[in-house]
Amino acid sequence: MENSEKTEVVLLACGSFNPITNMHLRLFELAKDYMNETGKYRVIKGIISPVGDAYKKKGLISAHHRVIMAELATKNSEWVEVDTWESLQKEWVETAKVLRHHQEKLEAGSCDHQQDSPMPGKPGQKRKWVEQRQDFSQKKLLEPKPKDVPKVKLLCGADLLESFAVPNLWKSEDITQIVEDYGLICITRAGNDAQKFIYESDALWKHRNNIHLVNEWITNDISSTKIRRALRRGQSIRYLVPDLVQEYIEKHDLYSCESEEKNVGVILAPLQSLINQR
Amino acid sequence: MKSRIPVVLLACGSFNPITNMHLRLFEVARDHLHQTGMYQVIGGIISPVNDGYRKQDLVAAHHRVAMARLALQTSDWVQVDPWESEQVQWMETVKVLRHHHSELLRSLPQTEGQDHGRARSVAPTAVPELKLLCGADVLKTFQTPNLWKDAHIQEIVEKFGVVCVSRTGHNPKEYISGSPILRRYQHNIHLVREPVQNELSSTYIRRALSQGHSVKYLLPDAVISYIKDHNLYTRDSSWKGSSTQRNEGKTD
């Protein structure tokens, strides 16, 4: 398939990134290789969107630090970057809304793009990508063709997919919207479990063509929880997170027994609205 | 206060290529030894194996050494030592241990056996111990017939000591209890649990590279750049080195 026929994809990863780890970064690499190899897609960008503090998860340190660590982690990436919109919102934002925000942003900046190399060669270029495209669209005065607008897809691990089953954590209309309007790329070790999970959900099953399961053959268990635990115990986290992130954590003494107690007793944001409704 | 025994960790292996998992071995081993309260880890050595080992897909030693050096650029306590790789032929691990141990002794300040006419009140623990650092898979290979000489295994666990980091699918306690020599010196075999399960291996990296897949965040960026610049581990280069592991059974 010619490049021009391929659907351009932007991978969006939402999460706490508390802190970001090499495993998070691997998700992007695995997803990009997989999607590109289908021959139908071309992954042009990756976005890390750290959740806002209003999420109120236990142990969640300030978004300011989490954003900086993610930026340090992606400093040497040519295509993955950090977006702060979600983290800057006062209230917690549902994932479906974050997807919509980014899709609308792409549509606003898009046009008939005959542009070659949307993959910037230098790290400095990627931040200006959207502005460049906006300028281009004003010059061209063409109606944006929906088919040519890159598609945002949610990138996640199997834990997020399976969290769809947690009572009241997700609105069912949001789940439907995510798989119907956007699409999911789920990196998983246990492919069979994930497939079974999709099979057992009518909403997911209906849009199974929009759910891409990517097998990660090697176990790579670098969870943020384990990183925080190691730090509390004075153990090394080198080579589990990018060096710059490890240095930043050390310099600012970010994770401690105290920080882990943050939000204890506070209800997680998605569940708060439920209580208010009753 | 009782002073700690200084320890240097030596890791032998192909490092074909070096990965974040190899680098992690040193970190978890150091943490473990420190937390026993008995040791102070003062250094780490990576010793890539000689080309004469003739393992399949082994790229030239000078590349493997260069990659390790790049990987360790940002480490303030682990370094690569090319001595083993520069020898004329492959040599047994115990000989590498002996070499590095004597180097360690030579580099000590000259206090032993010198008559300065002064009484020295230094703690007698100044001589560092050199320990073999490895994954549990290596400990298992002690069982492979003819791969290791029994006398060598004994010398390794008796005179030096082993720090063995857990690995998925391996049960090092089982390997120890299944071997009389290892049982006898099990006090000198430190089993370290790596809480972050990681099945990353050089084999996986080589396969991914030959398939054109990304290996970013599995090994340092500098090593990835080196691999690209020198065209290593591509599909075409995968048959460098003998396909028969002739020397594996020989310990001489």
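Values in this document were obtained by computation on a predicted structure and should not be read as measured data.

Calculation criteria
Residues numbered from 1 in each chain as written. Chains lettered and ligands numbered in written order. Predicted model: local features only at pLDDT ≥ 70, side-chain atom pairs only at ≥ 80, totals over all residues. Heavy atoms only, no water. Salt bridge = Lys/Arg side-chain N within 4 Å of Asp/Glu carboxyl O. Helix = DSSP H or I, 4+ residues; strand = E, 2+ residues; numbered from the N terminus. Buried < 20%, exposed > 50% of the residue type's maximum accessible area, 1.4 Å probe, protein only. Contact = heavy atoms within 4.5 Å. Buried area = accessible area lost by both parts, 1.4 Å probe. Polar contact = N/O pair within 3.5 Å; in protein donor to acceptor, adjacent residues only side chain to side chain. Nonpolar A, V, L, I, M, F, W, Y, C, P; charged D, E, K, R; others polar. Phe/Tyr/Trp six-rings, centres within 6.5 Å; stacked < 30°, edge-to-face > 60°. Lys NZ or Arg CZ within 6 Å of the ring centre and 35° of its normal.

**Here's the deal with the pattern of salt bridges**
So, step 1. Applying the stated criterion across every chain yields a total of 20 salt bridges over all chains.
So, step 2. In this structure, the salt-bridge partner of Glu-260 of chain A is Arg-228 of chain A, at a minimum N-O distance of 2.9 Å. Here Arg-228 of chain A lies in helix 10 (residues 224-232) and Glu-260 of chain A lies in helix 12 (residues 257-260), a separation of 32 residues in the sequence.
So, step 3. The class for Glu-260 of chain A is buried, based on a relative accessible area of 10%.
So, step 4. One salt bridge connects Asp-137 of chain B with Arg-167 of chain B, and the closest N-O pair in it is separated by 2.9 Å. Here Arg-167 of chain B lies in the loop between strand 5 (162-165) and helix 7 (172-177) and Asp-137 of chain B lies in helix 5 (residues 136-141), a separation of 30 residues in the sequence.
So, step 5. Take Asp-137 of chain B: its relative accessible area is 25%, and that puts it in the partly exposed class.

**Brief notes about the interface of chain A and chain B**
So, step 1. Counting residues at the interface gives 26 residues for chain A and 24 residues for chain B.
So, step 2. A buried area of about 2,400 Å², summed over both sides, lies between chain A and chain B, and 47% of it is on carbon and sulfur atoms.
So, step 3. The interface formed by chain A and chain B includes 0 salt bridges.
So, step 4. Applying the counting criterion to the chain A and chain B interface returns 16 residue pairs in polar contact (both at pLDDT 80 or more).
So, step 5. With 7 residues, the single largest contributor to the side of chain A that touches chain B is helix 1 (residues 22-37) of chain A.
So, step 6. Partitioning the side of chain A that touches chain B into residue classes produces 9 nonpolar, 8 polar and 9 charged.

**Describing unusual backbone geometry**
So, step 1. A cis amide bond links Asn-18 of chain A with the next residue in sequence, Pro-19 of chain A, at an omega value of 5°.
So, step 2. Considering the arrangement of structural elements, one finds Pro-19 of chain A in the loop between strand 1 (7-15) and helix 1.
So, step 3. In this chain, Asn-16 of chain B is followed by Pro-17 of chain B through a cis amide linkage whose omega measures 5°.
So, step 4. Mapped onto the secondary structure, Pro-17 of chain B falls in the loop between strand 1 (5-13) and helix 1 (20-35).
So, step 5. Unlike most non-glycine residues, Asn-231 of chain B shows phi in positive territory, near 55°.
So, step 6. Checked against the element boundaries, Asn-231 of chain B lands in the segment after helix 10 (221-229).

**A short note on the packing of aromatic side chains**
So, step 1. Tallied over the entire structure, the rule returns 7 aromatic pairs over all chains.
So, step 2. Measuring from ring centre to ring centre gives 5.9 Å for Phe-28 of chain A and Trp-79 of chain A, while their planes differ by 75°; the resulting arrangement is edge-to-face. With a gap of 51 residues between them, Phe-28 of chain A in helix 1 and Trp-79 of chain A in the loop between helix 2 (63-73) and strand 3 (80-82) connect regions that are remote in the sequence. The exposure classification of Phe-28 of chain A matches that of Trp-79 of chain A, with both residues buried.
So, step 3. Where Phe-26 of chain B meets Trp-77 of chain B, the ring centres are 5.9 Å apart and the plane angle is 75°; that geometry is what we call edge-to-face. Placement of the pair is Phe-26 of chain B in helix 1 and Trp-77 of chain B in the loop between helix 2 (61-71) and strand 3 (78-80), with a sequence separation of 51 residues. Taken individually, Phe-26 of chain B and Trp-77 of chain B each receive the classification buried, so the pair is uniform in this respect.
So, step 4. For the cation-ring pair, Arg-208 of chain A lies above Trp-205 of chain A, with the distance from its terminal atom to the ring centre recorded as 4.0 Å.

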